[in-house]
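Observations on the model geometry
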Amino acid sequence: MRRMDLALAIGLAVAVGPCLLPHAASAQESVALEITGEDEAGDHHEGYYYPTPQTVEHYSSRVVSLPDSDKIRRQGFVIGMARQLVSGQYAPDYAIFAKGDDAQKLIITGLHDGSLDTIYRARALFASLTLIARSTPFFQKNTQPEEATFFDLLKLLGFSQVTISDGKKFCHQVIID
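So, how was this worked out
- Residues numbered from 1 in each chain as written.
- Predicted model: local features only at pLDDT ≥ 70, side-chain atom pairs only at ≥ 80, totals over all residues.
- Heavy atoms only, no water.
- Helix = DSSP H or I, 4+ residues; strand = E, 2+ residues; numbered from the N terminus.
- Expected span 1.5 Å × (residues − 1).
- Buried < 20%, exposed > 50% of the residue type's maximum accessible area, 1.4 Å probe, protein only.
- Arc of directions from axis to C-beta.
- Core = buried A, V, L, I, M, F, W, Y, C linked by side-chain atoms within 4.5 Å.
- Contact = heavy atoms within 4.5 Å.
- Phe/Tyr/Trp six-rings, centres within 6.5 Å; stacked < 30°, edge-to-face > 60°.
- pLDDT = per-residue confidence, 0-100.
- Salt bridge = Lys/Arg side-chain N within 4 Å of Asp/Glu carboxyl O.
- Pairing = 2+ DSSP bridges.

**Thoughts on helix α3 (residues 119-134)**
Between its first and last C-alpha, α3 extends 22 Å over 16 residues, near the 22 Å set by a 1.5 Å rise per residue. Of all the residues in α3, the buried ones are I119, A122, L125, F126, L129, T130, I132 and A133. Around the axis of α3, the buried residues are gathered within 165° of arc, so they sit on the same side. Opposite the buried face of α3, by more than 90 degrees, sit the exposed residues Y120 and L131.

Here it is as structure tokens:
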């Protein structure tokens, strides 16, 4: 199992554990996506963990947050992923952590110049995380895996936003509705 595959699987195992979850809405539902150039008001992590986002995307998830998804579950997910990232043979390309009063904001920051420095590289990482999530038994059981995305997984866990940055100039934020 590749390092990122294992990280996502362990992150899910730590966060979710053996629980029964409601199934996602039908695959016929459409995804609403709105991209703006402005950040959400009141984000005090901006300027400390990442620069001002150049773009903000609103993702309308096909799933609802699990009733027992709380700060501890979200922190467990991030701890599981981070633990696997740092335990690999090579230094990780990015750091992942949760912030906010209830750890509801996921932050992914590139650790090397040239990493995660464009919207296309950010979307490629999200696409890779989607593919990995779709292969997990948890995701297959609780979503329409061929339609659901990494953002839907984050919604199940109760995250409300994810911010991805190169740690220097580039920053993109996804608000999960």
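Back to the write-up after that little detour.
**Looking at the nonpolar core**
Among the nonpolar cores identified, the biggest contains 35 residues, and F77, L106, I108 and L154 are the most heavily contacted of them. Where this core is concerned, the elements lending two or more residues are α2 (71-86), β3 (94-99), β4 (105-110), α3, α4 (137-142), α5 (150-156), β5 (161-165) and β6 (171-176). Counting residues per element, this core draws most heavily on α3, which supplies six residues. Non-local contacts of L154, meaning those with residues more than four positions away in its chain, are made with F77, L106, F159, V162 and I176.

**As for unusual backbone geometry**
The phi dihedral of A103 is positive, around 55°, even though this residue is not glycine. The backbone of L116 shows a phi angle near 55°, a positive value even though the residue is not glycine. Locating L116 in the fold gives a position in the loop between β4 and α3.

**Some thoughts on the packing of aromatic side chains**
Scanning the entire structure with this criterion turns up six aromatic pairs. Residues Y48 and Y49 carry aromatic rings whose centres are separated by 4.7 Å and whose planes lie at 80° to one another, so their mutual orientation is edge-to-face. The class of Y48 is exposed, set by a relative accessible area of 66%. Among the aromatic residues, ring-to-ring pairing joins Y59, F126, F150 and F151 into one connected group.

**Comments concerning the confidence of the model for the chain**
Looking at the chain as a whole, its pLDDT mean stands at 81, while 76% of the residues score no less than 70. Confidence over residues 17-41 falls short of pLDDT 50; this stretch has 52 contacts with residues more than four positions distant or in other chains.

**Some points on the pattern of salt bridges**
Evaluated as defined, the whole model comprises four salt bridges. Notably, a salt bridge pairs R73 with D68, separated by 3.1 Å at the nearest N-O pair. For R73, a relative accessible area of 7% translates into the label buried. Overall, the relative accessible area of 41% leaves D68 in the partly exposed class. The closest approach of N and O atoms between R121 and D117, which form a salt bridge, is 2.3 Å.

**Quick look at α2**
In this model α2 runs 22 Å from its N-terminal to its C-terminal C-alpha over 16 residues, within 8% of the 22 Å that 1.5 Å per residue would give. Listed as buried for α2 are R73, R74, G76, F77, V78, G80, M81, Q84 and L85.

**What to know about the pairing of β5**
The element β5 is extensively covered by neighbouring structure, given that five of its five residues are classed as buried. Alternating positions in β5 separate into two faces, Q161, T163 and S165 on one and V162 and I164 on the other, with burial throughout. Summarising the sheet, β4 and β5 pair through five bridges and their orientation is parallel. Directly across from T109, in β5, lies its bridge partner S165. As paired elements, β5 and β6 share five bridges and run antiparallel to each other. Across the sheet, the residue bridging to V162 is V174, located in β6.

**Overview of the side chain of Q161**
On the secondary structure map, Q161 appears in strand β5. Not counting residues up to four positions away in its chain, the partners in contact with Q161 are D43, Y50, Q104, K105, L106, Q173, V174, I175 and I176.

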